[in-house]
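Spelled out, the chains give:
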Amino acid sequence: MINSATMQSPISPARSLAQSPVSSPQARIFDTAVAILLLIWLMGGIPWKGKLLLSDAVAFRSFALMVVFAGGVWLRESWREQSRVLRILKKAGEALQSSTVRWISVGTLMLISAGLNLLQTLALQISMLNSGIYHQALWNASNGHGLASSLIAGGSFLSGHFSPSLFVLVPLFWITQGAAWTLPVVQSLLLLGGAAAWIFLAERLPGATPRFRSHLAAVTFVFILGFNSLWLNQRVGFHETAIGFASLSWALALAFAEAPSVHESSLNWIRKSLIAFLLVVSAGSTLTLLLQITPLFFLFALALRQKKQPLSAAWSMGLGTTLLLVFFWKKAGMALIPGTAVSAGSILQGIQHLFLPWIAMPLLWLGWGLQKGTRTRQRFLLALLLSLLPSLGVCLLASGADENANAPLFLAFWPVFAVLSLLALSECEARGISFGRFRIPHSVGWVWAFLSVLSMSQDPWNQMRSDLKEGVEKTQVRKNFLALPADARVVADEGTGTWLASRQFLSRWPDLSALPGECPDWIVTKPNELRLISQQGGETAYRLSRCQLQGVLQGTTAWAPVWTSAGWTAYQLRKQN
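All values reported here derive from a predicted model rather than from experimental measurement.

Asks: Can you lay out the overall build of the chain for me, pointing to particular residues and giving the numbers?
Replies: In terms of regular secondary structure, the chain is built from 26 helices and 12 strands. The burial tally for the chain puts 52% of its 577 residues in the buried class. Pairs at least 24 residues apart make up 72% of the contacts formed inside the chain by residues separated by at least 6 positions. In the structure as shown, the chain presents an accessible area of about 27500 Å², 64% of it carried by carbon and sulfur atoms.

Asks: Break down the packing of helix α2 (residues 25-43) against helix α3 (residues 57-74) for me, citing the residues and quoting the values.
Replies: The contact between α2 and α3 brings their axes to 7 Å, and the two run at 160°. Here α3 runs roughly antiparallel to α2, going by the angle between their axes. In the packing of α2 onto α3, the handedness of the crossing is left-handed. Side by side, α2 and α3 meet where Phe30, Val34, Leu37, Leu38, Ile40 and Trp41 of the first sit next to Ala57, Phe60, Arg61, Phe63, Ala64, Val67, Val68 and Gly71 of the second. Residues that form the contact of α2 with α3 fall into these classes: 12 nonpolar, 1 polar and 1 charged.

Asks: Describe the pattern of salt bridges, and please don't skip the residues or the numbers.
Replies: Considering all chains together, one arrives at 7 salt bridges under this definition. Between Arg102 and Glu203 there is a salt bridge whose closest N-O contact spans 2.6 Å. Here Arg102 is found in helix α6 (residues 99-122), whereas its partner Glu203 is found in the loop between α10 (182-202) and α11 (210-225), with 101 residues between them in sequence. For Arg102, a relative accessible area of 2% corresponds to the buried category. Arg489 serves as the salt-bridge partner of Asp521, at 3.5 Å between the closest nitrogen and oxygen. Placement of Asp521 in the loop between β6 (506-508) and β7 (522-525) and of Arg489 in the loop between α24 (475-483) and β5 (490-492) is noted, with a sequence separation of 32 residues between them.

Asks: Which residues make up α2, and what values go with them?
Replies: Between its first and last C-alpha atoms α2 spans 27 Å; for 19 residues at 1.5 Å apiece the expected length is 27 Å, and the two agree. Those residues of α2 that sit buried are Ala27, Phe30, Asp31, Val34, Leu37, Ile40 and Trp41. After α2 finishes, the residue Gly44 shows a positive phi value of roughly 75°.

Asks: Which residues make up the environment of Gln97, and what values do they have?
Replies: By secondary structure assignment, the location of Gln97 is in the loop between α5 (84-95) and α6. A relative accessible area of 30% means that Gln97 is categorised as partly exposed. Distance in space between the C-alpha atoms of Gln97 and Arg211 is 8.5 Å, their sequence separation being 114 residues. Those residues within four positions of Gln97 in sequence are excluded, and the remaining contacts are Arg102, Ser214, His215 and Ala218.

Asks: Which residues make up the packing of aromatic side chains, and what values do they have?
Replies: A complete count under the given rule lists 12 aromatic pairs for this structure. Ring geometry for Tyr134 against Phe238: centres 5.3 Å apart, planes inclined by 80°, an arrangement best described as edge-to-face. Within this pair, whereas Tyr134 is found in helix α7 (residues 128-142), its partner Phe238 is found in the loop between α12 (228-236) and α13 (241-256), the two being separated by 104 residues in sequence. Taken as a pair, Tyr134 and Phe238 share a single burial class, namely buried. Measuring from ring centre to ring centre gives 5.3 Å for Phe200 and Trp250, while their planes differ by 55°; the resulting arrangement is tilted. Placement of Phe200 in helix α10 and of Trp250 in helix α13 is noted, with a sequence separation of 50 residues between them. Since its relative accessible area comes to 17%, Phe200 is described here as buried. Note on Trp250: relative accessible area 26%, which makes it partly exposed. An aromatic cluster of three or more residues is present, and its members are Trp198, Phe223, Phe227, Phe245, Trp414 and Trp448. Its end group placed over the ring of Trp269, Lys272 keeps NZ or CZ at 5.8 Å from the ring centre. Seen from the ring of Trp568, Lys526 lies directly overhead, with NZ or CZ sitting 4.9 Å from the centre.

Asks: Mind laying out the environment of Ser105, listing which residues take part and the relevant values?
Replies: The residue Ser105 is located in helix α6 in this model. Each C-alpha atom of the pair Ser105 and Phe221 lies 8.6 Å from the other, and the pair is 116 residues apart in sequence.

Asks: Explain the environment of Ala218 residue by residue, including any values.
Replies: Relative to the elements of secondary structure, Ala218 occurs in helix α11. Each C-alpha atom, one on Ala218 and one on Arg102, is 7.1 Å from the other, the two residues being 116 residues apart in sequence. If we ignore the near neighbours within four places in the chain, the residues touching Ala218 are Gly93, Leu96, Gln97, Arg102 and Trp446.

Asks: Provide a residue-level description of unusual backbone geometry, including the pertinent values.
Replies: Cis geometry is adopted by the peptide bond preceding Pro510, which originates at Trp509 and carries an omega value of 5°. Counting through the fold element by element, Pro510 comes out in the loop between β6 and β7. Here Asn130, not a glycine, exhibits a phi torsion of approximately 75°, which is positive. Its place among the elements puts Asn130 in helix α7. The residue Ala566 is not glycine, and still its phi comes out positive at about 45°.

Asks: Give a detailed account of the pairing of β7, specifying residues and quantitative values.
Replies: Judged by which residues are buried, β7 turns out to be covered on both faces: Trp522 and Val524 on one side and Ile523 and Thr525 on the other are all buried. Where β5 meets β7, 3 bridges bridge the pair, whose relative direction is parallel. Among the inter-strand pairings, Val490 is bridged to a residue of β7, identified as Trp522.

Asks: Give me the lowdown on helix α23 (residues 460-473), citing residues and values where you can.
Replies: The first and last C-alpha atoms of α23 sit 20 Å apart over 14 residues, in line with the 20 Å expected at 1.5 Å per residue. Check the buried side of α23 and you find it contacts α2, α3, α6, α12 and α24.

Parameters and conventions
- Residues numbered from 1 in each chain as written.
- Predicted model: local features only at pLDDT ≥ 70, side-chain atom pairs only at ≥ 80, totals over all residues.
- Heavy atoms only, no water.
- Helix = DSSP H or I, 4+ residues; strand = E, 2+ residues; numbered from the N terminus.
- Buried < 20%, exposed > 50% of the residue type's maximum accessible area, 1.4 Å probe, protein only.
- Contact = heavy atoms within 4.5 Å.
- Areas by Shrake-Rupley, 256 points an atom, 1.4 Å probe, with all protein chains shown as cover.
- Axes fitted to C-alpha atoms, helices over the stretch in contact; angles between N-to-C directions.
- Parallel < 35°, antiparallel > 145°, perpendicular 65-115°, else oblique.
- Left-handed = near helix turned anticlockwise from the far one by under 90°.
- Nonpolar A, V, L, I, M, F, W, Y, C, P; charged D, E, K, R; others polar.
- Salt bridge = Lys/Arg side-chain N within 4 Å of Asp/Glu carboxyl O.
- Expected span 1.5 Å × (residues − 1).
- Phe/Tyr/Trp six-rings, centres within 6.5 Å; stacked < 30°, edge-to-face > 60°.
- Lys NZ or Arg CZ within 6 Å of the ring centre and 35° of its normal.
- Pairing = 2+ DSSP bridges.

Next up, the structure:
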């Protein structure tokens, strides 16, 4: 007879998971503080008597991140185990180490990003400068007119921007028939799709264990999630460097990833051909010599890596990037001269937005140098210098009055630095570099990702809410834009973005010189802009005086619009007989 006292009913795994540890007062206070900060961020502030208090939502998101980071580092282990926030983050980090979960997350992020850019387009939050210019050039090319743009002096896009790689987007414009959302959505897919190449490389780092690869791939995803440059460039609008960013990212990822086995020689040929094609595309997608020269250094670095010299390969990439700064020497030198327009504050801002996300590289070389004896100090200093110079050099370039570390031009540097950091993390893992109980790749990797999220100044969540509201309000305006004849010559305000760019003759208000005969068929602008121009006189008023409204004239300076909607007006004109 079985003793009933010895019969213990087993606890199911589901039940044991559900029985989370009872939270201590300290853990509950920690969770509550994080929840309040996140709620203020998600709400965009606190509504109070018709006003919005604490409206700096990004600051509260940053506060929440700093509280989480501090809790994860300094809270007692028992309190960390009792915190719901930290347990959720731990589970999320573990889930991201699954390749399936990770790539589903990447795809979801790309869709969200594309949706954000679509809403931005509907809300008329995209400028004609850049996006409208590229849109008109691609629309002209898809209609057999070449890369022409009346928004550029001379009318030829290639005369001011040598970007033949834009032709790869022409078939897409032919398919969408030049829809206003085409470029914003394509830009989003290029930026997030290009960054996904870094995850691809992390999963295939040569010489790394499968466990470390999955760990680093998860870290890289979190880094991309908060990488400010990707989100800011989407907000600014399309630029040709997005094509170079995506193509160079994938070219380098394929070049430095673990090659297929010898038995898969056909895959090797396909891989090498694809790398060559992507390098050619990247070289034809920039305003500078940056992408034309950088691949040469990376090919040299690849040759070194294949000879089992990964550190030398990484150094050569750092050196190659540093040498490219010679092309900007005048500007970089001006940044070092006291009393110029470049201030200490602008340099610090550049360091915050550029150097911190890539701080893993110098720290890893530092760790490697400290592991060695005094006999390798000189070699260590060289490695540290080559690691620091690219980031600091680009930071100086980005500290000028006209530049920003996250400007489109600097997209070309990110594939270089991303590969540098990933290779360094992998190399330090292989060498077992650590500071006491802290293993460099694991600790610095998460710090790298955390700094990226913390330094993110964009707020896609609240931007999406705002754009959705404005998009609904501007529904009629967009319909009016699309109702304008496709063959009409239009002068339009910057804010029309890409909505009026699917035409051969378009000019930015108040410039009329780009139009044949300097007399538009339509003027689309903000209310009273035409009245102010007429009252102030000047070149634009003189040229407009040679045109007259097809509708009713109200005196000599006030012209009746054909339609007015949500802060926009449209006037129809014709040449005076």
